[in-house]
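Chain and residue survey
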Amino acid sequence: FFSPLVADAEMLGTPDPELASTMGFSGFGKKARTFDLEAMFEQTRRTAVERSRKVLEAREREKEDQTEKEFRIPYAASSVSASRATRPGSTLTEREAMCSESEDNSNEALSGPSMQSQSSAKGPAEDSDDDDDDEEDDEEFIGPPLPPGFKDSDDDNDNDDTEEEDNNPVKKIPDSHEITLQHGTKTVSALGLDPSGARLITGGYDYDVKFWDFAGMDASLQAFRSLQPCECHQIKSLQYSSTGDVILVVSGNSQAKVLDRDGFPVMECIKGDQYIVDMTNTKGHTAMLNSGCWHPKIKEEFLTCSNDGTVRTWDVNNEKKHKSVFKPRSVQGKRVIPTTCTYSRDGKLIAAGCQDGSIQIWDRNMSVHTKFHCRQAHASGTDTSCLTFSYDGTVLASRGGDDTLKLWDIRQFKKPLNSADGLPSFFPMTDCCFSPDDKILVTGTSVKKGGGSGKLFFFYRETFQKLYEIEVTDASVVRCLWHPKLNQIMVGTGNGLAKVYYDPVKSQRGAKLCVVKTKRKERQAETLTQDYIITPHALPMFREPRQRSTRKQLEKDRLDPMKSHKPEPPVAGAGRGGRVGTHGVTLSSYIVKNIALDKTDDSNPREAILRHAKEAEENPYWVAPAYAK
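Residues numbered from 1 in each chain as written. Predicted model: local features only at pLDDT ≥ 70, side-chain atom pairs only at ≥ 80, totals over all residues. Heavy atoms only, no water.

1. Describing the overall build of the protein
Stated formally: Strands here are runs of E lasting at least two residues and helices are runs of H or I lasting at least four, both read from the DSSP assignment and numbered beginning at the N terminus. For the exposure calls, accessible area comes from a 1.4 Å probe over protein chains only, and a residue counts as buried if that area is under 20% of its type's maximum, exposed if over 50%, partly exposed in between. We call two residues contacting when some pair of their heavy atoms lies within 4.5 Å.
Across its full length, the protein carries 15 helices and 28 strands. Across the 629 residues in the protein, those meeting the buried criterion constitute 36%. Summarising the internal contacts of the protein: among those between residues at least 6 apart in sequence, 48% fall at separations of at least 24.

Written as structure tokens, this is what we have:
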């Protein structure tokens, strides 16, 4: 209907205003603007070239002016002022000349004060220094110059603080405050924090995995989700991927699981064939898992090690088969069980600590021969519980089951850089980790029941001097985690606690978010109210009035004699008020009352037995005739 009118309007260019307003397309007469992108780009390029040319010219003029200043006669300025005073008619032209001169000297393209104002602030002596320095200053300063002494004093304070912290690394440890998360009653054997530090996951010997959201928690510190992803298997390791969208769960069975952020399963690794001898030919692990971790760069790849004597890499998108297999070997070439495994920080190396005390490192792409290995890293027959690379990637720390903590340079792998002993460890997953600045190494110690407190020890990386210790609780310290973004230390203990240490000044977010929130009051009254049935399509006469609040509804229910009527207690003893007694009136209840329950026997047992003695003597029937023959 409208198309001929629109066509006419387009041909005419400007339609009749009355017709347009009547028909409701008054805007159709205006044509859309067209943009020539090539012309715009060309214009922008020219402008940029022009501006850079002006900048270069201004700098050249600046240099010329400075060279002139060096040879300028001191009284030139006074002669100019004198000539101005004697010739009032020529003031305008000289002023114009001065303006043009100042325009030439000023830098048109750069924002901020001109070069002369800065050089005048410096003084004439510094003015004739290197031209390059002046140019650099010109680029750095944007906006008006700072007042003298302001920047210097601030920088001095900052430098003093940083120097003090560098001299005393203990001040960097965020332990002034702590919160305690109650995971359960059994050992917290796994801890994981997502890369942003918003969520914490804890796993334990009670098979539970609990999710804690720092932003969503209040001061009651309750987990928002608890689940058992691996039924009745202890949780060995939990870790968020590098992007934080999935979680690797390693438990006591042979199949690792991957969950999403909310705990729903994404994939489960396949179980290998137990009857095949060569582990390379099986698609998955055939024995209990010991450890696992994500690749630091490739978000789909992860690593697991198992009691079947293999270390395997997996792809999240392919659960049917592993990607590659690494087989640690002893000195005699026999199979040896890896107890822990990890990637290097760049993901190019894979390291495993084995039960024969060795640490073996492979190139990720070469699974046959080790690239580095140390045969006597720890005592043979002990479980090396943790391997971790430093953030700079040059150093490897190992926590041994022989109560030691050692630091290695993998390029010189024969003997450790440093070693600390006397650190008891009773758990196959006792942790060690580096501080975010890479200068401190942290580990926990185990204690027997009633044998004192489990502690967290801090060692200086360069000298392995013990800097500090924290008494955590009266049980073993199993897991520890120092998050680089939050600057908070998470600790898992042997009595089911997960502790978070933080400092209100040095730490970010994390535990600071939930301690400031007040606990929600539990409203017990809500449970007494009746369910409200919503029937949107019912007729008005049948529709229930919408509840506004539970409190008002409760008050109404209290006034209603039917709803607030207390039921009568059951009748004890004989019936009364028309109600039947507890024994009832049925035949079965009568029999129970009179016969089955009435078993009182007051007679003497000797008399009861001798009651038949006289009859047996007079008329022997059972015993005497048998023996007579």
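2. Quick look at the pairing of strand S12 (residues 311-315)
Convention followed: DSSP-based pairing: two strands are paired if at least 2 bridges between them are found.
Counting buried positions along S12 yields 4 of 5 residues, so the element is predominantly enclosed. Pairing between strand S11 (residues 301-306) and S12: 5 bridges, direction antiparallel. The partner of phenylalanine 302 across the bridge, within S12, is tryptophan 314. Taking the residues that link successive antiparallel strands as the turn, the S11-S12 hairpin has 4 residues, and the phi of glycine 309 there is positive, at about 85°.

3. Quick look at the nonpolar core
Quick reminder of the rule: We define the nonpolar core as a collection of buried residues of types Ala, Val, Leu, Ile, Met, Phe, Trp, Tyr and Cys that are connected through side-chain atoms lying within 4.5 Å of one another.
Core analysis: the biggest nonpolar cluster contains 17 residues, and Ile179, Leu181, Leu200, Phe214, Met217, Met490 and Val500 have the highest contact counts within it. Secondary structure elements with two or more residues in this core: strand S1 (177-182), strand S2 (188-193), strand S28 (497-502) and helix H10 (511-515). Setting aside residues no more than four positions away along its own chain, leucine 200 makes contact with Leu181, Leu191, Gly192, Leu193, Lys210, Phe211, Trp212, Phe214 and Met490. Ile173, Phe458, Leu467 and Tyr501 belong to the second largest nonpolar core, which has 15 residues in total.

4. Focus on the environment of lysine 321
With respect to the helices, strands and loops of the structure, lysine 321 is situated in the loop between S12 and strand S13 (324-326). Here the alpha-carbon distance between lysine 321 and cysteine 269, two residues 52 residues apart in the chain, equals 7.6 Å.

5. With respect to the sheet that holds strand S23 (residues 440-444)
As a reminder of what qualifies: Axes here refer to lines fitted to C-alpha atoms; in helices the fit is confined to the stretch in contact. Angles between the N-to-C directions go from 0 to 180 degrees.
Read from one edge to the other, the open sheet built from 4 strands follows the order S22-S23-S24-S25, with strand pairing classed as antiparallel. Bordering the open sheet on either side are strand S22 (432-434) and strand S25 (466-473), each of which pairs with just one other strand. Each neighbouring strand pair of the sheet contributes to a mean axis angle of 20°, computed without reference to strand direction. Bridge analysis of S22 against S23 gives 3 bridges, and the strand direction is antiparallel. The residue of S23 that forms the bridge with cysteine 433 is valine 442.

6. Points about the UniProt feature "repeat: WD" (unreviewed entry) in the protein
Our working rule: UniProt positions are given in the numbering used here, feature names are shortened, and annotations may be inferred rather than shown by experiment.
The sites that UniProt annotates as "repeat: WD" (unreviewed entry) are residues 181-213, 282-324, 343-363 and 377-411. Strand forms 58% of residues 181-213 and helix 0%; the C-alpha atoms that close the span are 11 Å apart. Along residues 377-411 one finds 0% helix and 40% strand; the C-alpha atoms at either end are 14 Å apart.

7. Quick notes on the environment of aspartate 431
Let me state the cut-off plainly: Polar contact criterion, stated in full: a pair of N or O atoms within 3.5 Å, where within protein one must be able to donate a hydrogen and the other to accept it, and residues adjacent in sequence count only if both atoms are side-chain atoms.
Looking at where aspartate 431 falls in the secondary structure, it is placed in the loop between strand S21 (418-420) and S22. According to the relative accessible area criterion, aspartate 431 is buried, its value standing at 11%. Taking C-alpha positions, aspartate 431 is 5.5 Å from cysteine 386, a pair spaced 45 residues apart along the chain. Discounting residues that sit within four places of it in the chain, aspartate 431 has contacts with Cys386, Arg399, Val442, Thr443, Gly444, Val478, Arg479 and Cys480. Within the structure, aspartate 431 has its side chain in polar contact with the side chain of arginine 479 (distance 3.2 Å).

8. Brief notes about the confidence of the model for the protein
The predicted coordinates ought not to be read in detail in places where the model reports low pLDDT. Heads up, the condition is: A residue's pLDDT is the predictor's confidence in that residue, given on a scale from 0 to 100.
Scored by pLDDT, the protein has a mean of 77; 72% of the residues are at 70 or more. Confidence over residues 1-15 falls short of pLDDT 50; this stretch has 11 contacts with residues more than four positions distant or in other chains. This model gives residues 73-140 a pLDDT under 50, and the stretch forms 47 contacts once residues within four places in sequence are excluded.

9. Remarks on the pattern of salt bridges
When the charged atoms of two side chains lie near each other, side chains of opposite charge can form a pair. Defined as follows: Salt-bridge detection follows one rule: a side-chain nitrogen of Lys or Arg within 4 Å of a carboxyl oxygen of Asp or Glu.
Within this structure, the stated rule accounts for 22 salt bridges. In this structure, arginine 479 engages aspartate 431 in a salt bridge whose closest nitrogen and oxygen atoms are separated by 3.2 Å. Residue arginine 479 is found in strand S26 (residues 477-483), and its partner aspartate 431 is found in the loop between S21 and S22; the two are separated by 48 residues along the sequence. Here arginine 479 and aspartate 431 have matching classes, each one buried. Note that glutamate 469 is salt-bridged to lysine 466, the shortest N-O span being 2.9 Å. One network of salt bridges, with partners in common, ties together Glu50, Arg53, Glu57 and Arg61.

10. Focus: the packing of aromatic side chains
To keep things clear, this is the line we draw: Ring geometry is summarised as follows: Phe, Tyr and Trp rings, the Trp one being its six-membered ring, pair when their centres sit within 6.5 Å, and such pairs are stacked at plane angles under 30 degrees, edge-to-face over 60 and tilted between the two. Should the NZ of a Lys or the CZ of an Arg lie within 6 Å of a ring centre and within 35 degrees of the ring normal, that charge is described as sitting over the ring.
Across all of its chains, the model carries 9 aromatic pairs by this definition. Where tryptophan 408 meets phenylalanine 413, the ring centres are 5.6 Å apart and the plane angle is 80°; that geometry is what we call edge-to-face. Of the residues examined, phenylalanine 413 reaches a relative accessible area of 7% and is grouped as buried. With centroids separated by 5.6 Å and ring planes inclined at 20°, the aromatic side chains of phenylalanine 459 and phenylalanine 464 adopt a geometry described as stacked. Across the pair, phenylalanine 464 and phenylalanine 459 agree in class, each one buried. Aromatic rings pair up to connect Phe457, Phe459 and Phe464 into one cluster. Lying across the ring of tyrosine 391, arginine 345 places its NZ or CZ 4.2 Å from the centre.

11. Observations concerning unusual backbone geometry
You will see that aspartate 403, though not glycine, has its phi angle at about 65°, which is positive. When its relative accessible area of 28% is taken as the criterion, aspartate 403 is described as partly exposed. Even without being a glycine, asparagine 487 presents a positive backbone phi close to 55°. Structurally, the position occupied by asparagine 487 is in the loop between S26 and strand S27 (488-493).

12. Considerations on the state of the cysteines
Selection criterion: Any cysteine sulfur atom paired with another within 2.5 Å is treated as part of a disulfide.
This structure, assessed with the given rule, holds 0 disulfides. For cysteine 341, which is in no disulfide, the shortest distance to another cysteine sulfur is to cysteine 305 and amounts to 3.7 Å. Here cysteine 433 stays unpaired: no disulfide links it, and the sulfur of cysteine 480, its closest cysteine neighbor, is 4.1 Å away. When its relative accessible area of 10% is taken as the criterion, cysteine 433 is described as buried.

13. Description of the sheet that holds strand S3 (residues 199-204)
On the basis of which strands lie adjacent, the open sheet formed by 4 strands has the order S2-S3-S4-S5 and antiparallel pairing. Every other strand in the sheet has two partners, leaving S2 and strand S5 (225-227) as the edge strands with one partner each. Direction aside, neighbouring strands of the sheet carry axes that sit 15° apart on average. Here 5 bridges tie S3 to strand S4 (residues 209-213), and the two strands are oriented antiparallel to one another.

14. Observations concerning the pairing of strand S18 (residues 386-389)
Burial along S18 is two-sided: Cys386 and Thr388 facing one way and Leu387 and Phe389 facing the other are all buried. One ladder, built from 4 bridges, connects S18 with strand S19 (residues 395-399); its direction is antiparallel. What sits directly across from threonine 388, in S19, is alanine 397. The turn linking S18 back onto S19 is made up of 5 residues, and glycine 393 within it adopts a positive phi angle of 80°.

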